[in-house]
Amino acid sequence: MKKVYILFLLAGIFATSRSQDVAEEVPTTETEEEEDPFYKSAVNRLSSSASNFGYDLYRELANKNPSSNILMSPLTIATALSSLSLGTGQRTESSIHRALYYDLLNDPDLHSTYKELLTSLSSPEKGVKTASRIILERRLRLRLEFMNQVEKFYGNKPRVLSGSTRLDLQEANDFVQKQTGGNVVKFFKEIPSSVSILLLGAAYYKGQWVHKFNPLETVVRQFHKDEQTSVLVPMMSAKNVPVRYGLDSDFNCKIVQLPLTGGVSVMFFLPITVTQNLTMIEEGLTSEFVHDIDRALQPVTLELRIPKLKLSYETELMSTLKDMKLQSLFSSPDFSKISSKSIKLTHIFHKASLELNESGADNAPTPEANTRHFPIEYHMDRPFLFVIRADDNGALLFIGKVMDPK
């Protein structure tokens, strides 16, 4: 398994020594994972598995859209698939569980653990609003045990379409709007025809920085989309910002982690040059790798510039999930625990919205005691990738790439 070297930028020079305060080697062997106390928790192990599905899902979508902005909350789709697996026979259950990396967990109380994970992520302090649901074809008689289990572990009963286009559209949109605190409206423009099983996942997040930015320091600056093209965008700025920082020499990118309120943090991956694409970084992302980076980053203060972000993204994921070895869900699945009728997955829709502006807590930044003070600049003036995670269990809440902040 690949070893990751996090090197730190000191006084403008890339350090290559592996001495104690300059570089830290982070092994990602399975032995090391087992010894890590973080993975002793069933919730954390499940979170890591569902997040790895999220990284896979993002990768597939990014490969199809190399030059576009992407924003996803993959956990909403993982939640819908996990709840769907309650209605499957063994063959189809195995397919879903492999995609979600459940086959590595050996957790007999899998769905109870997922319920615990969802409860931890739905706390008002985190500020993340999500919706996941199974919608099924009209006139389908559902097995009572399936309905009760989905509601017990995942919080919402599956919905059978009524056959009234207007009522079904209103009900689905009202559900998403309510679950996301009124922030994701008109999820569907229309209910698609020929629905057998439809999965939906939606999420909204307006992040609050632990250390807010001064709006007076926000200035319109150039964002370089590539060597030839740039756009003017509002860029938030601050000096002597306490962050956790490192340089990944393999991916040739600088990494900064910033805290958000509610026990959430964002990790930015910024390529060294504007000419470098993000594919190499995307291909290397796993839950374990990001967790190891989280442990290896060092506290420093730096000059930070980051574009104000207001992103919204929606997509249909059927072809993407087919490419993730879930083709059988669309062709000949066993959903015999849902209904006696032969049914299959026909649609997967996802929508995510995110805002990161100057707002945050009022307290002034207080650097950690061991913070290094170097003249480091971290100017996010070119395409970058980011992940937003829950600090306590590492759950991947959002992942995205910004090719053009406008």
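Everything here concerns the structure above.
Every value quoted in this text rests on a predicted model; they were computed, and no experiment measured them. (Residues numbered from 1 in each chain as written. Predicted model: local features only at pLDDT ≥ 70, side-chain atom pairs only at ≥ 80, totals over all residues. Heavy atoms only, no water.)

**With respect to the packing of helix α3 (residues 74-84) against helix α6 (residues 144-154)**
A packed helix pair is summarised by two numbers, namely the angle formed by the two axes and the spacing between the axes. One way to put it is that α3 packs onto α6 with a least axis distance of 10 Å and a crossing angle of 145 degrees. The two elements α3 and α6 meet at a crossing, and its hand is right-handed. Facing α3, whose interface residues are T79, S82, S83 and L84, α6 presents F146, V150 and Y154. Residues of the contact of α3 with α6, tallied by class, amount to 4 nonpolar, 3 polar and no charged. (Axes fitted to C-alpha atoms, helices over the stretch in contact; angles between N-to-C directions. Helix = DSSP H or I, 4+ residues; strand = E, 2+ residues; numbered from the N terminus. Left-handed = near helix turned anticlockwise from the far one by under 90°. Contact = heavy atoms within 4.5 Å. Nonpolar A, V, L, I, M, F, W, Y, C, P; charged D, E, K, R; others polar.)

**A closer look at the side chain of H291**
By the secondary structure assignment, H291 is in helix α9 (residues 287-296). Under the relative-accessibility criterion, H291 is labelled buried at 6%. Leave out the neighbours within four places in its chain, and H291 touches D36, F38, Y39 and R389. (Buried < 20%, exposed > 50% of the residue type's maximum accessible area, 1.4 Å probe, protein only.)

**Some details on the environment of A50**
In this fold, A50 is placed in helix α2 (residues 42-64). Looking at A50, the relative accessible area reads 2%, which means it is buried. For the pair formed by A50 and I77, sequence separation is 27 residues and the distance between their alpha carbons is 9.6 Å.

**Some points on helix α7 (residues 165-179)**
The periodicity of an α-helix, 3.6 residues per turn, causes residues three or four places apart in sequence to face the same way. Here α7 is 15 residues long and its end C-alpha atoms lie 21 Å apart, about the 21 Å a rise of 1.5 Å per residue gives. Here α7 has its buried residues at D168, E171, A172, N173, F175 and V176. Structurally, α7 contributes buried residues whose contacts are with β6 (128-136), β7 (159-160) and β8 (197-206). Following α7 by one or two positions, G181 has its phi on the positive side, about 65 degrees. (Expected span 1.5 Å × (residues − 1).)

**Side note on unusual backbone geometry**
In this structure, K186 takes a positive phi of about 50 degrees despite not being glycine. Tracing the backbone through its elements, the reader meets K186 in the loop between α7 and β8. Even without a glycine there, the phi angle at S194 is positive, about 60 degrees. Take S194: it is sitting in the loop between α7 and β8.

**Here we look at α2**
A rise of 1.5 Å per residue sets the reference length of α2, with its 23 residues, at 33 Å; its end C-alpha atoms lie 34 Å apart and thus fit the reference within 8%. Extensive coverage of α2 is indicated by the burial of 18 of its 23 residues. Backbone nitrogen of V43 and a side-chain oxygen of the N-cap are separated by 3.3 Å at the start of α2; the cap is S41. (Polar contact = N/O pair within 3.5 Å; in protein donor to acceptor, adjacent residues only side chain to side chain.)

**So, the pairing of strand β12 (residues 264-271)**
Most of β12 sits out of view: 8 of its 8 residues are buried. Here β12 shows a buried face lined by V264, V266, F268 and L270 and a second buried face lined by S265, M267, F269 and P271. Pairing between strand β11 (residues 253-260) and β12: 8 bridges, direction antiparallel. Bridging from a neighbouring strand, V256 pairs with F268 of β12. Connecting the antiparallel pair β11 and β12 is a turn made up of 3 residues, with G262 showing a positive phi of about 85 degrees. Note that β12 and strand β17 (residues 384-390) share 6 bridges and pair antiparallel. Following the sheet pairing, V266 is matched in β17 by I388. (Pairing = 2+ DSSP bridges.)

**Considerations on the nonpolar core**
One finds L81, I197, W209, F268, F269, F386 and I388 to be the most contacted residues of the largest nonpolar core, which totals 108 residues. The element that contributes the greatest number of residues to this core is α2, accounting for 9 residues. (Core = buried A, V, L, I, M, F, W, Y, C linked by side-chain atoms within 4.5 Å.)

**Structural notes on the pattern of salt bridges**
Once their charged atoms are close, side chains differing in charge can pair, the charge on each being opposite to the other. As enumerated under the stated definition, the model contains 17 salt bridges in all. Note that E151 and K157 form a salt bridge whose closest N and O atoms lie 4.0 Å from each other. Taking relative accessible area as the criterion, E151 reaches 38% and is therefore assigned partly exposed. As a salt-bridge pair, E314 and K189 come within 4.0 Å of each other at their nearest N and O atoms. With a gap of 125 residues between them, E314 in strand β14 (residues 309-316) and K189 in the loop between α7 and β8 connect regions that are remote in the sequence. K189 gets classed as exposed once you look at its relative accessible area, which sits at 69%. (Salt bridge = Lys/Arg side-chain N within 4 Å of Asp/Glu carboxyl O.)

**Observations regarding the packing of aromatic side chains**
Under the criterion given, the structure shown has 11 aromatic pairs. Ring plane angle 80 degrees and centroid distance 5.4 Å describe the contact between F188 and F349, whose orientation is recorded as edge-to-face. Of the two residues, F188 is situated in the loop between α7 and β8 and F349 in strand β15 (residues 345-356); the sequence distance between them amounts to 161 residues. Between Y245 and Y378, the aromatic rings sit 6.4 Å apart at their centres with planes inclined by 85 degrees, giving edge-to-face as the arrangement. (Phe/Tyr/Trp six-rings, centres within 6.5 Å; stacked < 30°, edge-to-face > 60°.)

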